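# Summary of the model geometry
Here is what each chain is made of, one letter per residue.
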Amino acid sequence: SVSDIVSFTQKQISCSSLETTIIDAIEITNTGGTSLRYDGSAGQFIANWKTPSGQANTCWEIKTTTTNGPSISAFFKLK
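Because the structure is a prediction, the values reported are computed rather than measured.

### Examining the pairing of strand β1 (residues 5–13)
Consecutive side chains of a regular strand alternate in pointing toward one face of the sheet and then the other. In terms of residue burial, β1 counts as a mostly covered element, since seven of its nine residues are buried. The pairing of β1 with strand β5 (residues 59–66) spans eight bridges and is classified as antiparallel. Within β5, the position partnered with Gln12 by the bridge is Trp60.

### Thoughts on the pattern of salt bridges
As enumerated under the stated definition, the model contains one salt bridge in all. The partner of Glu61 in a salt bridge is Lys11, and the shortest N-O contact between them spans 3.7 Å. Here Lys11 lies in strand β1 and Glu61 lies in strand β5, a separation of 50 residues in the sequence. Take Glu61: its relative accessible area is 11%, and that puts it in the buried class.

How each quantity is defined
Every chain is numbered on its own, with residues counted from 1 as its sequence reads. Reporting of local features is limited, given that this is a predicted model, to residues whose pLDDT is at least 70; pairs of side-chain atoms are given and counted only at 80 or more, and all residues count toward the totals for whole chains, interfaces and linings. For side-chain calculations, the full set of non-hydrogen atoms in the structure is used, while hydrogens and water are omitted. Using a 1.4 Å probe on the protein chains alone, a residue whose accessible area is under 20% of its type maximum counts as buried, one over 50% counts as exposed, and one in between counts as partly exposed. Helix numbers and strand numbers start at the N terminus; a helix is a DSSP run of H or I with at least 4 residues, a strand a run of E with at least 2. When DSSP finds two or more bridges between a pair of strands, those strands are recorded as paired. The rule for a salt bridge is simple: a side-chain nitrogen of Lys or Arg has to be within 4 Å of a carboxyl oxygen of Asp or Glu.

All we've got here are geometric facts, nothing functional implied.
Below, the structure written as structure tokens:
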């Protein structure tokens, strides 16, 4: 459930080592007036992430943390 999500953040990371950089995690900016949602029939969360502009060839970690502590991350390289 979306109510079980404590945070949904993004932070820039090093592309070569995947170690975090000085840039702090910030809340995700969604596009088109959407928000984080859950699709029960597909069994997945969906978010329309607005990628940071002017950040070609940078790497990002998108992290979702739940109320009981576990988190999951996805990693992206922008082109």
